[in-house]
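Residue-level listing of the chains:
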Amino acid sequence: MSPLLMLALGLACYREEPVDSDWAALDGQAVIGIANLDDDDENEVMDWEDLQVAGDDDLASLSLPALLEGQSLSLTLTGDAERSRVWLDDELLLDASTLQATLSGPDSGRELRVEFSDFRVLAGLELSLGHEDEDGPLAQAALSLESAPLILNHHLQQGEYEMAMEYTGFGGNSAFIRGFEDGLGDAFDGWKVASYGYDVWIQDEIEFATQTAPGLHMDLVLDSIRSQNGQYLDALPPKLAEPGVAVIGYGQGRSSSQDYFGNLEVSPPVTVDGVHYPYGRAYWGRNGTLAPHEDLRTMLESQQVQRPFELDVSWLCVGHVDEFITFLPDPDSDKGFVMWVTDTALGWDLISEMAPETELPRYGPTHGFDTIGQMVEDDELLLVNQDLQAEYIEPNIEIMKQELGLDDADIVRIPALFEANRLCGGYSLSLIPGTANMTVYPSGDTVKAFIPDPFLRTDDDDLSSDPMITIIEDLLPSGVEAHWLDDWSTYHAAWGEVHCGSNTRRTPGGSWWEDARHLMGD
Amino acid sequence: MLITALLTLAALAAPPHLDALSARSTVELDRAALSAPTWQERHDARVALAWRSAPDEAALAWEGQPVLSRTMVPLFTSPDFHGPVAGVVLVDRLRRGGVPQHWRGGLTQAAVLAGGVEAEAVIGLFRDEPVPEARAALLDVLGKAEPGLALAGLAEAMEDESGRVRATALQVLAGRADGAARADLVLRGSSDSDYEVRAAAMQAIGWLGLADLWDTAVGGLSDPEARVRMKALRALERLDSARAVSLTQVQAMAQDPDKSVASVARRLLAR
């Protein structure tokens, strides 16, 4: 092999005779791993903090060629050494306090293991092969050590299981739970809410994510700062914190509603101005100075693969992006999905076309409207909804179009009405249960959509008499199966809907190190 | 019959302040509910009648507990808190029941939704109510009350120490067909120290079609708060969109730092 060719391979060679090509092949390689944030040995110490890796299956491996008699290998850890370590078998070899080590031959080849403490860590490992009879190195190689980004899930990913909090007895949510059980069977878990301070808002407390590397995968549970110190759902149901799952949080202190994870969503994969986002783009809502905690935003932005953007939720009482926008798989659309967004003009048209004398038994106690006529005659309600659409929903649609490369054909407008709530400073809550706030659960070739029952009818049991249900079912993409859930008393009346009260673990997919490199400006 | 009713009342632990009323006949109570000299006495009679006619419902409304909203606001939205019986009992609870402060907003809203707050009682309740959210919720009743009572009540609410209450007063005024009669309140709100009140004033200019306050709305376009600028822009659009488009301030708003405001301005200019 000529020196020029060897240089082209990235191997700096100082001897005329060839060296083992295995060493040459190491140069320029990337060792890709994941952050060791779980607690495999269940000793209540995060594995990175444990300083022992025996039996830990979350480290990336690097096989070294055999060292011959008289050979030595110098190893140097470079770059972000504070957040990376190199282990030789189960012995710590390199870290921030020991940046260099030497191995002596002969051996039959050794296995290095690389550990990271965080996502998107970039470090390096320099190898220099020497011989006791030679002054200079026989070969040198530089490898990159890299940890995976955190990737949030989107609605096109297959569901693995669904969860909600079960509130039995009088005034409970048995109809809501039954709806999920009927639709998903064993793929649904209902957990007793009494064990969690009667906190039913499981969407707000946790956000599922994953980190993957070749041969490695870890499920992540982002734990919101909305409740802390084990209060309410902060004491996570055991299934969510099982070994092999990392529970992580960002930020501390007093939270705002914008810290709740109903306010953190991800689009399906999109191409924007020629840039493909194979894992979609993250988005959250901002209400003036209030947004998800800066630590969380900084972390999500630094992942790069799902480059986040913001919507304006300043018009909403609770202030979450899932209150008015969602995404559904659609095999008939160009992009493979459609964006559903609320449209109050359609909502007003809907109630205007209904018989005014239609009684609405659900709406009286919660909203003060006993009939459709009372709604239609409420001039303030009309004005409020006209303003919301013009002032906030349409501008948010514009942002979604721009940030996700969508056009009108990708957007389905669904009827909706909001009301100004005096307990919330006149800011808006759903009047008709917000059907955009649905849970989308792809399962095999079908998609199950668990949608808040609008109860825009007199007879609870006669869904066919509900014009809202008819409209929504007509709008659903092919292959999407509607499951209408009664979320009224536990969720809708308490300022949330189906999505707010449920959560979905999804199957990760893709290989970011192959399909998202163009998004990482490292 | 009366004895049975009294026994039931006692068994359901009716509040002690009803003891005196319980001895009066239904006819007397009916008469008092209509013609007693003060709203408090009329309401007392209605409460006694409620307990007598539907003791179970009354007890549920008297003793019912709130549920917490998603943002931890205590709410009384169960059907137990709906209907005329619940309505008058909830108001009674607010007047006498030792309700925790943080429940009062939700309880007031439930009473209003149940139709338990008579327009005549709003002012009295309003003056005695310590919690701003509850005072704001009371104002909803004035949205559909007769003009004299409503407009006077909203004017009084504009003197409230809480910006939230003042803003609600303007929102309610803006929703009334006769709200333009108190354009003076809108004008005052437009220079309020609380931006929510200024935003409500801008909204009222548009909703009520207060063309005389055109310049006031133009002034709102340069407010430091985006919500005020938004409402001012929309007020001008509602008043005269062609004239609004010709304003240099509106043209500049296409580059407003707030994305929503800029988007609305661009859409207006594109017409």
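Residues numbered from 1 in each chain as written. Chains lettered and ligands numbered in written order. Predicted model: local features only at pLDDT ≥ 70, side-chain atom pairs only at ≥ 80, totals over all residues.

Draft legend 1. Region of interest: the nonpolar core. Counting 231 residues, the largest nonpolar core has Leu90(B) and Leu170(B) as the members making the most contacts within it. Those residues in contact with Leu170(B) that sit more than four places away from it in its chain are Leu185(B), Val186(B), Gly189(B), Val197(B), Ala200(B), Ala201(B) and Ala204(B). (Core = buried A, V, L, I, M, F, W, Y, C linked by C-beta atoms within 7 Å. Buried ≥ 20, exposed ≤ 12 C-beta atoms within 10 Å, placed from the backbone. Contact = placed C-beta atoms within 7 Å.)

Draft legend 2. Examining the domain arrangement of chain A more closely. Residues and elements named next belong to chain A. We note that the domain assignment places domain 1 (3–147) and domain 2 (152–516) within chain A. Between the C-alpha centres of domain 1 and domain 2 the distance comes to 45 Å. Between domain 1 and domain 2, the contact holds 13 residues from the first and 13 residues from the second. Its residues assigned to classes, the side of domain 1 that touches domain 2 shows six nonpolar, one polar and six charged. (Domains from an automatic or database assignment. Nonpolar A, V, L, I, M, F, W, Y, C, P; charged D, E, K, R; others polar.)

Draft legend 3. Broad picture of the pairing of strand S20 (residues 309–312) of chain A. All names here are of chain A. For strand S19 (residues 282–286) and S20, the ladder comprises four bridges, and the chain directions are parallel. Residue Tyr-283 lies in a different strand from S20, and its bridge partner there is Phe-309. In this fold, the crossover linking S19 to S20 by way of helix H6 (residues 294–303) has right-handed handedness. (Pairing = 2+ DSSP bridges. Helix = DSSP H or I, 4+ residues; strand = E, 2+ residues; numbered from the N terminus. Right-handed = clockwise from strand over helix to strand, strands pointing away.)

Draft legend 4. Structural context of the interface of chain B and chain A. The interface of chain B with chain A comprises 35 residues on the first partner and 31 residues on the second. When contributions to the side of chain B that touches chain A are tallied by element, the ones reaching two or more residues are strand S1 (67–68), helix H7 (101–113), helix H9 (132–139), helix H11 (163–174), helix H13 (195–208), helix H15 (226–245) and helix H17 (259–269) of chain B. For the side of chain B that touches chain A, the per-class residue count stands at 13 nonpolar, 14 polar and eight charged.

Draft legend 5. Representation of the sheet that holds strand S26 (residues 439–443) of chain A within the structure. Residues and elements named next belong to chain A. Pairing within the open sheet is mixed, and its three strands lie in the order S26-S27-S28. The sheet terminates laterally at S26 and strand S28 (480–485), the two strands that pair on one side only. Strand-to-strand twist of the sheet, defined as the mean angle between neighbouring strand axes without regard to direction, takes the value 20°. Bridge analysis of S26 against strand S27 (residues 446–452) gives five bridges, and the strand direction is antiparallel. Across the sheet, the residue bridging to Thr-439 is Phe-450, located in S27. The sheet strands contacting helix H4 (residues 174–184) are S26, S27 and S28, and the helix crosses S27 at an angle near 170°. (Axes fitted to C-alpha atoms, helices over the stretch in contact; angles between N-to-C directions.)

Draft legend 6. Geometry of the packing of H15(B) against H17(B). All names here are of chain B. It is the contact of H15 with H17, at a shortest axis distance of 10 Å, that shows an interaxial angle of 5°. In terms of orientation, H15 lies roughly parallel with respect to H17. Contact residues: H15 offers Ala-226, Arg-229, Met-230, Leu-233, Arg-234, Glu-237, Ser-241, Ala-244 and Val-245, while H17 offers Ser-260, Val-261, Val-264, Ala-265, Leu-268 and Leu-269. Of the residues assigned to the contact of H15 with H17, the class counts are 10 nonpolar, two polar and three charged. (Parallel < 35°, antiparallel > 145°, perpendicular 65-115°, else oblique.)

Draft legend 7. Layout of the packing of helix H7 (residues 344–352) of chain A against helix H10 (residues 379–404) of chain A. Residue and element names in this part refer to chain A. Running from N to C, H7 and H10 cross one another at 150°; their axes reach a closest spacing of 8 Å. With respect to their mutual orientation, H7 and H10 come out roughly antiparallel. Contacts from Thr-344, Ala-345, Gly-347 and Trp-348 of H7 reach H10 at Leu-382, Asn-385, Leu-388 and Gln-389. Broken down by class, the residue content of the contact of H7 with H10 amounts to four nonpolar, four polar and no charged.

Draft legend 8. Representation of helix H8 (residues 119–128) of chain B in the model. All names here are of chain B. When H8 is considered as a whole, its buried residues turn out to be Ala-121, Val-122, Leu-125 and Phe-126. For H8, the buried positions fall inside an angular range of 135° around the axis, keeping them on one side. Seen from the open side of H8, the exposed residues pointing more than 90 degrees away from its buried face are Arg-127 and Asp-128. (Arc of directions from axis to C-beta.)

Draft legend 9. Local environment of the domain arrangement of chain B. Residues and elements named next belong to chain B. By the assigned domains, chain B splits into domain 1 (1–145) and domain 2 (146–236). When each unit is reduced to the centre of its C-alpha atoms, the spacing between domain 1 and domain 2 is 31 Å. Taken together, the elements giving at least two residues each to the side of domain 1 that touches domain 2 come down to H8 and H9. Ranked by residue count, the leading element in the side of domain 1 that touches domain 2 is H8, at five residues. Partitioning the side of domain 1 that touches domain 2 into residue classes produces nine nonpolar, one polar and three charged.

Draft legend 10. Quick look at the sheet that holds strand S8 (residues 122–131) of chain A. Residue and element names in this part refer to chain A. One open sheet accounts for five strands, arranged S1-S9-S8-S3-S6; its pairing is mixed. At either margin of the open sheet sits one strand with a lone partner, and together these are strand S1 (30–33) and strand S6 (100–104). The average undirected angle you get between the axes of adjacent strands in this sheet is 20°. Looking at chain direction, S1 and strand S9 (residues 139–147) are connected through four bridges and run parallel. Its bridge partner lying in S9, Val-31 is registered against Leu-145.

Draft legend 11. Region of the structure containing the pairing of S8(A). By the bridge criterion, nine bridges tie strand S3 (residues 71–79) of chain A to S8(A) in an arrangement that is antiparallel. By the bridge assignment, Leu77(A) is partnered in S8(A) with Leu125(A).

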